[in-house]
Amino acid sequence: MIESAALDRILALQDASRTIDWAAVQSGVIPAVARDGNTGVYDLEGFADNRRQFRGVYTTASIESFAKYLEWQGAKAGALGAMPCFIDGEAGSAAAFLDIGDALKPGHCLNRAVLKLEPTAAYAAIVKASGQQTDQRGMANFLEDWRRYFAVDEYGPTGTADVLKVLRSVRSIDISTKVTAGQAVTNHGESRSGFVALDANANKGLPDQLWFVCKPFVEFAERRIEVDLSTIFIEPPKLTLRIRAKEALFEDIAAEFQDLISDALPSVFTPVSGAFKP
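Residues numbered from 1 in each chain as written. Predicted model: local features only at pLDDT ≥ 70, side-chain atom pairs only at ≥ 80, totals over all residues. Heavy atoms only, no water.

Chemist: Which residues make up the overall build of the chain, and what values go with them?
Modeler: Counting its regular elements, the chain contains seven helices and 14 strands. Counting the 278 residues in the chain, one finds 32% classified as buried. A fraction of 57% describes how many contacts in the chain between residues 6 or more apart in sequence connect residues 24 or more apart. (Helix = DSSP H or I, 4+ residues; strand = E, 2+ residues; numbered from the N terminus. Buried < 20%, exposed > 50% of the residue type's maximum accessible area, 1.4 Å probe, protein only. Contact = heavy atoms within 4.5 Å.)

Set out below in structure tokens:
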């Protein structure tokens, strides 16, 4: 048997439903109604013919696709005036809030387009490898995997026989040791000094630097990244690749991103440096 309180609740909801103008709900004039007891509201959007507003999040890693989507959306949104596109060069991302409105009539920021760059496989590999210590086998495998991106000359071609020579040299590294010692004796004391010289000899085939040639991101210009190759004298020996002036490289790539996205934006969008959180 239904309790009296539950029955009263059901009847009250039935009465409330009869007082709702469902035609107005369907047309979107009445977006919500108060719950019984003032505990909240019921969202009636699902009963309307259309949503109250266009909303959603578009995401892409392509600058071209991002610009095309903004062009499609901006055709109607641009009637409100120029809209900001927030560009974070350091993070390699950009975002546009297509319902941001303005200071007098702010929007809900529920309709967004987000660009997040994804590095090419080659660029991600050299950045990850930079500064990492690895053994001969690991370094040889890395050079073999990415051989077609390496060059031994600043302006030379990649993947040449000279790169293969470097690869063979890495596989055949031999650590030679040279010890020089001296000793001095007096009546009241004795002193000794010594110097140990270590040298990585690989038939003179190990260069001090290489160049890694790749695009950091698909729509970016190709870059020749200068990389130091060095040996760490421990047992067994380790090798390391280090991108020269890595921070400066990142700054240059961020500046290129700013230029590329600014040039690609439709006219109704204004590039703004930084990030925005609604």
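Chemist: Go over the confidence of the model for the chain with me, naming the residues and quoting the values.
Modeler: Averaged over every residue, the pLDDT of the chain is 78; the share at 70 or more is 66%. Element-level pLDDT for the chain is lowest in strand β10 (residues 189-201), with a mean of 48, against a maximum mean of 97 in helix α4 (residues 121-129). With pLDDT under 50 throughout, residues 185-192 is counted as low confidence; its partners more than four residues away or in other chains account for nine contacts. In the predicted structure, residues 194-198 sits below a pLDDT of 50 and forms 15 contacts with residues beyond four places in sequence or in another chain. (pLDDT = per-residue confidence, 0-100.)

Chemist: Lay out the nonpolar core in plain terms, naming residues and giving numbers.
Modeler: Of all hydrophobic cores here, the largest spans 47 residues; its most connected members are Phe 66, Ile 126, Phe 150, Phe 212, Ile 225 and Phe 257. Among the elements that make up this core, the one with the highest residue count is α4 (five residues). In contact with Phe 66, other than residues within four places in its own chain, are Tyr 58, Thr 60, Cys 85, Ala 94, Ala 95, Ala 96, Ala 113, Val 114, Leu 115, Ile 261 and Leu 265. One finds Phe 86, Ala 95, Phe 97 and Ile 100 within the second-largest nonpolar core, a separate group that totals five residues. (Core = buried A, V, L, I, M, F, W, Y, C linked by side-chain atoms within 4.5 Å.)

Chemist: Can you explain the sheet that holds strand β5 (residues 93-97)? Please cite residues and give values.
Modeler: Spatially, five strands are ordered β3-β6-β5-β4-β14 in an open sheet, and the strand pairing comes out mixed. In this open sheet, the two edge strands, each paired with only one partner strand, are β3 (56-60) and β14 (269-273). Pairwise comparison of adjacent strand axes, ignoring direction, gives a mean angle of 20 degrees for this sheet. Where helix α7 (residues 246-264) meets the sheet, its contacts fall on β4 (83-88), β5, β6 (111-116) and β14, and the angle it forms with β4 comes to roughly 155 degrees. (Pairing = 2+ DSSP bridges. Axes fitted to C-alpha atoms, helices over the stretch in contact; angles between N-to-C directions.)

Chemist: An account of the environment of Gly 274 is needed here, citing residue identities and associated values.
Modeler: Mapped onto the elements, Gly 274 comes out in the segment after β14. We classify Gly 274 as partly exposed; its relative accessible area is 27%. Gly 274 sits 184 residues away from Glu 90 along the chain, and the two C-alpha atoms are 9.2 Å apart. When sequence neighbours within four positions are dropped, the list of residues in contact with Gly 274 reads Phe 86, Ile 87 and Asp 88.

Chemist: Would you mind going over the packing of helix α5 (residues 136-145) against helix α6 (residues 161-171) in detail, with residue names and values included?
Modeler: Packing of α5 against α6 leaves a shortest axis separation of 8 Å and a crossing angle of 165 degrees. Between α5 and α6, the angle is such that the two are roughly antiparallel. Remark: the crossing between α5 and α6 carries left-handed chirality. Residues Gln 136, Met 139, Ala 140, Asn 141, Leu 143 and Glu 144 of α5 form the contact with α6, whose participating residues are Val 166, Leu 167, Val 170 and Arg 171. Of the residues that constitute the contact of α5 with α6, the class distribution is six nonpolar, two polar and two charged. (Parallel < 35°, antiparallel > 145°, perpendicular 65-115°, else oblique. Left-handed = near helix turned anticlockwise from the far one by under 90°. Nonpolar A, V, L, I, M, F, W, Y, C, P; charged D, E, K, R; others polar.)

Chemist: Describe in detail the pattern of salt bridges, supporting the description with residues and values.
Modeler: Two side chains that carry opposite charge are able to pair once their charged atoms sit near each other. Across all of its chains, the model carries five salt bridges by this definition. Of the charged contacts in the structure, one is a salt bridge between Arg 242 and Asp 228, with a shortest N-O distance of 2.7 Å. Of the two residues, Arg 242 sits in strand β13 (residues 238-243) while Asp 228 sits in strand β12 (residues 223-232), which places them 14 residues apart along the sequence. Through salt bridges with shared partners, one network takes in Glu 226, Asp 228, Arg 242 and Arg 244. (Salt bridge = Lys/Arg side-chain N within 4 Å of Asp/Glu carboxyl O.)

Chemist: Hey, could you go over the sheet that holds strand β11 (residues 209-214) for me, with residue numbers and the actual values?
Modeler: Reading across the sheet, the five strands line up as β7-β13-β12-β11-β8 and stay open at both edges, with antiparallel pairing between neighbours. Of all strands in the sheet, those bounded by a partner on one side alone are β7 (133-134) and β8 (150-151). For β11 and β12, the ladder comprises six bridges, and the chain directions are antiparallel. Across the sheet, the residue bridging to Gln 209 is Asp 228, located in β12. Of the strands in this sheet, β7, β8, β11, β12 and β13 touch α5, which is tilted by about 40 degrees from β13.

Chemist: Quick one: what's the story with unusual backbone geometry, residue by residue and with numbers?
Modeler: Most of the time, phi is negative for any residue but glycine, and the peptide bond is trans. With a phi angle near 50 degrees, Ala 245 is a residue other than glycine that sits in the positive phi range. With respect to the secondary-structure elements, Ala 245 resides in the loop between β13 and α7. Residue classification places Ala 245 among the partly exposed residues on the basis of a relative accessible area of 49%.

Chemist: Give a detailed account of α7, specifying residues and quantitative values.
Modeler: Here α7 spans 27 Å end to end across 19 residues, near enough to the 27 Å set by a 1.5 Å rise per residue. Buried within α7 are the following residues: Leu 249, Ile 253, Ala 254, Glu 256, Phe 257 and Ile 261. Each buried residue of α7 lies within a common arc of 165 degrees when the element is viewed along its axis, so the set occupies one face. Facing away from the buried side of α7, by more than 90 degrees, are the exposed residues Glu 247, Glu 251 and Asp 263. (Expected span 1.5 Å × (residues − 1). Arc of directions from axis to C-beta.)

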